Amino acid sequence: MECWQVCGQDLERWQRHIKRPPQEERADVWLPMEHPPGFDPHGASCRTPVCQTLVALAQYSAGVALNWLQQNREALEAAANCPLALTGVAAAAMIDLDLTVEQGEMLFLLLRLPGAAAHALEQREYGWRKYPFFSDGLILEDDPGPVTAQG
Amino acid sequence: MRGPKTLLEHENRWVTNVGAWFPGERVVFRGKDLFHELKDSSWMGLLLYGVTGRVFDEKQLRLFEGIWTICTSYPDPRLWNNRVAALSGTVRSSAGLGIGAANAVSEASIYGRRPDIRAIDFLFRAQEQLDSGTELPEIIHSEIKKYQRIFGYGRPIARRDERIDPLMALANNLGFADGKFIKLAFAVERALLDDGLRLPMNIAVVAAGLAADQGLSRREYYKYMVLSFSVGMFACYVDTYAKPEGALFPLRCGRIRYEGACHRRWERNLNPKRGEERQ
């Protein structure tokens, strides 16, 4: 949402902003972003639900952000070197809804809860034995091996 | 585009030197056997070993623990973060939720974790500039011009920070009061006062300077401090939990001056679909 406030519907500005995001010189409790916000760093192409959501929301939106995002998605993805994520669509929708950044953040947190709740309910049904433990998934690089009481 | 290459490389594969549990047998904690090589470690020693991977000596650990003790959140439920812990007790939430939420709130801008990391960050940046020949007053002017403040100097609510004397007394006893960064912290205060800026130092820059002198990096210092307020929070939780539920600072409606939308009347009308009356 902050990117939208800075860049609006100016593609060149978006491209500059994505390639050279403003950096905070001072250290902070938050870590620096490692990928452009609203894009999927591990994606190979825009996922179907993301595209479908963007198309569906753009149809109903009275604002300009979603439609502009739909028209410029590929150019933005090229600048970001990764595909648009659902978080990017959500940010555009909240801009079109005329929410402030803080209001959007709160709504986004609320709307994420059903997914987390579904996981918790499912895991409760499964029981703790079916928790994904990755029993053979950890590789310890510096295992000292069993140490005796004298060692 | 990078695609999912990184995810595929990590599928069911986490390479680490942090540690592992061998069920029913042993635990490796950063390359050491927890129940043999680390069993006599203090909790603070183990915390710092987990955060940094380095082993600190007895005197250093007394300093780090002293910083936690003197800089803990005071057990006063009126303070921002303690209010969260106290409210969780008054509504009978769990201690885990209450203390966790109160620590999260402590990542604030005017107290707690952000001043911590910004204060140590300022000391490191200022020292780098001094090393490259810039004079201290110039560093201070430039910081204030750019950010309108220097974290660790000035204090909301009370001017004098009552924690500085006891912490410096401890540092003095341990022989840690003359390190490069703690001296810089005091030098900045003097320069600010000489410049007519009434921004006396607060505990954030004192603790940061002492920790920096022991070799903690910015992020190591931040992580070491994350749980430091917990002690006062527990006290606030215990206090409200022991008293009648819901009784912490209740507000009667008359004390709230509402300035939002006016009272709206809900008209009785008919549901056009079902023909039922609804309110």
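What you see is a predicted model, and the numbers here were worked out from it, not measured in a lab.

Caption draft 1: Structural detail: the interface of chain A and chain B. In this complex, chain A contributes 24 residues to the contact, which on the side of chain B involves 28 residues. Of the residues in the side of chain A that touches chain B, the class split is 14 nonpolar, five polar and five charged. Of the pairings in the sheet, the one linking strand β1 (residues 138-140) of chain A to strand β1 (residues 14-16) of chain B comprises three bridges and is parallel in character. When the sheet's bridge partners are listed, A:L140 is paired in β1(B) with B:T16.

Caption draft 2: How the structure looks around helix α12 (residues 230-241) of chain B. Residues and elements named next belong to chain B. Taking 1.5 Å per residue, 12 residues should reach 16 Å; α12 reaches 16 Å between its end C-alpha atoms and fits that length. Within the span of α12, buried status applies to G232, M233, C236, Y237 and T240. Along α12, the residues classed as buried sweep out an arc of 140 degrees about the axis, all on the same side. Turning to α12, the residues buried within the fold contact α4 (80-90) and α5 (95-105).

Caption draft 3: Examining the pairing of strand β3 (residues 26-29) of chain B more closely. Residues and elements named next belong to chain B. For strand β2 (residues 19-22) and β3, the ladder comprises four bridges, and the chain directions are antiparallel. Note on β3: the bridge partner recorded for A20 is V28. Between β2 and β3, which pair antiparallel one after the other, the connecting turn spans three residues, and G24 there sits at a positive phi close to 75 degrees. Where β3 and strand β4 (residues 32-33) come together, two bridges link them in antiparallel fashion. By the bridge assignment for β4, F29 is matched with K32. In sequence, β3 turns back onto β4 through a hairpin of two residues, with R30 there showing a positive phi of about 50 degrees.

Caption draft 4: Inspection of the packing of α5(B) against α12(B) at higher detail. All names here are of chain B. The contact between α5 and α12 brings their axes to 10 Å, and the two run at 135 degrees. Classified by the angle their axes make, α5 and α12 are oblique. The chirality of how α5 crosses α12 is right-handed. Only S230, M233, F234 and Y237 of α12 make contact with α5, whose side of the interface consists of A95, G98, I99, A102 and N103.

Caption draft 5: Seen up close, the environment of A:R26. Looking at where A:R26 falls in the secondary structure, it is placed in the loop between α2 (11-19) and α3 (48-60). Setting aside chain neighbours within four positions, we find A:R26 in contact with B:R118 and B:D121.

Caption draft 6: Local environment of the environment of B:A207. Residue and element names in this part refer to chain B. Mapped onto the elements of the fold, A207 is located in helix α10 (residues 203-213). When the C-alpha atoms of A207 and I70 are compared, they prove to be 9.8 Å apart, with 137 residues separating the residues in sequence. Not counting residues within four places of it along the chain, the set of residues in contact with A207 comprises I67, C71 and L167.

Caption draft 7: Expanded view of the packing of α3(A) against helix α4 (residues 65-80) of chain A. Residue and element names in this part refer to chain A. Two numbers describe how α3 lies on α4: the axes approach to 8 Å, and their chain directions differ by 140 degrees. Considering their axes alone, α3 and α4 lie oblique with respect to each other. As for the relative orientation of α3 and α4, their crossing is left-handed in sense. Here L54, V55, L57 and A58 of α3 come into contact with α4, specifically with L66, N67, L69 and Q70.

Caption draft 8: The sheet that holds β3(B), seen in detail. An order of β2-β3-β4 (chain B) is seen for the three strands of this open sheet, with the pairing classed as antiparallel. Edge strands, defined here as strands with exactly one partner in the open sheet, are β2 and β4 of chain B.

Caption draft 9: Main features of the domain arrangement of chain B. Annotation of chain B at the domain level lists domain 1 (17-55) and domain 2 (113-225). The C-alpha-based centres of domain 1 of chain B and domain 2 of chain B are spaced at 32 Å.

Caption draft 10: Up close: the nonpolar core. Residue and element names in this part refer to chain B. L123, A207, A208, L210, A211 and Y221 are the most contacted members of the largest nonpolar core, which has 40 residues in total. Mapped onto this core, the elements with two or more residues apiece are α3 (58-70), α6 (113-131), α7 (136-147), α8 (164-174), α9 (180-194), α10 and α11 (218-225). The leading source of residues in this core is α10, at nine residues. Look past the residues within four positions of L210 in its chain and what remains in contact with it is L63, I67, A171, F176 and I182.

Caption draft 11: Here's a closer look at unusual backbone geometry. The backbone phi angle of A:N81 is positive, close to 60 degrees, even though this residue is not glycine. By the element assignment, A:N81 lies in the loop between α4 and α5 (86-96). For B:N12, which is not a glycine, the phi torsion comes out positive at approximately 50 degrees. The topology assignment puts B:N12 in the loop between α1 (5-9) and β1.

What counts, and at which threshold
Residues numbered from 1 in each chain as written. Chains lettered and ligands numbered in written order. Predicted model: local features only at pLDDT ≥ 70, side-chain atom pairs only at ≥ 80, totals over all residues. Contact = placed C-beta atoms within 7 Å. Nonpolar A, V, L, I, M, F, W, Y, C, P; charged D, E, K, R; others polar. Pairing = 2+ DSSP bridges. Helix = DSSP H or I, 4+ residues; strand = E, 2+ residues; numbered from the N terminus. Expected span 1.5 Å × (residues − 1). Buried ≥ 20, exposed ≤ 12 C-beta atoms within 10 Å, placed from the backbone. Arc of directions from axis to C-beta. Axes fitted to C-alpha atoms, helices over the stretch in contact; angles between N-to-C directions. Parallel < 35°, antiparallel > 145°, perpendicular 65-115°, else oblique. Left-handed = near helix turned anticlockwise from the far one by under 90°. Domains from an automatic or database assignment. Core = buried A, V, L, I, M, F, W, Y, C linked by C-beta atoms within 7 Å.

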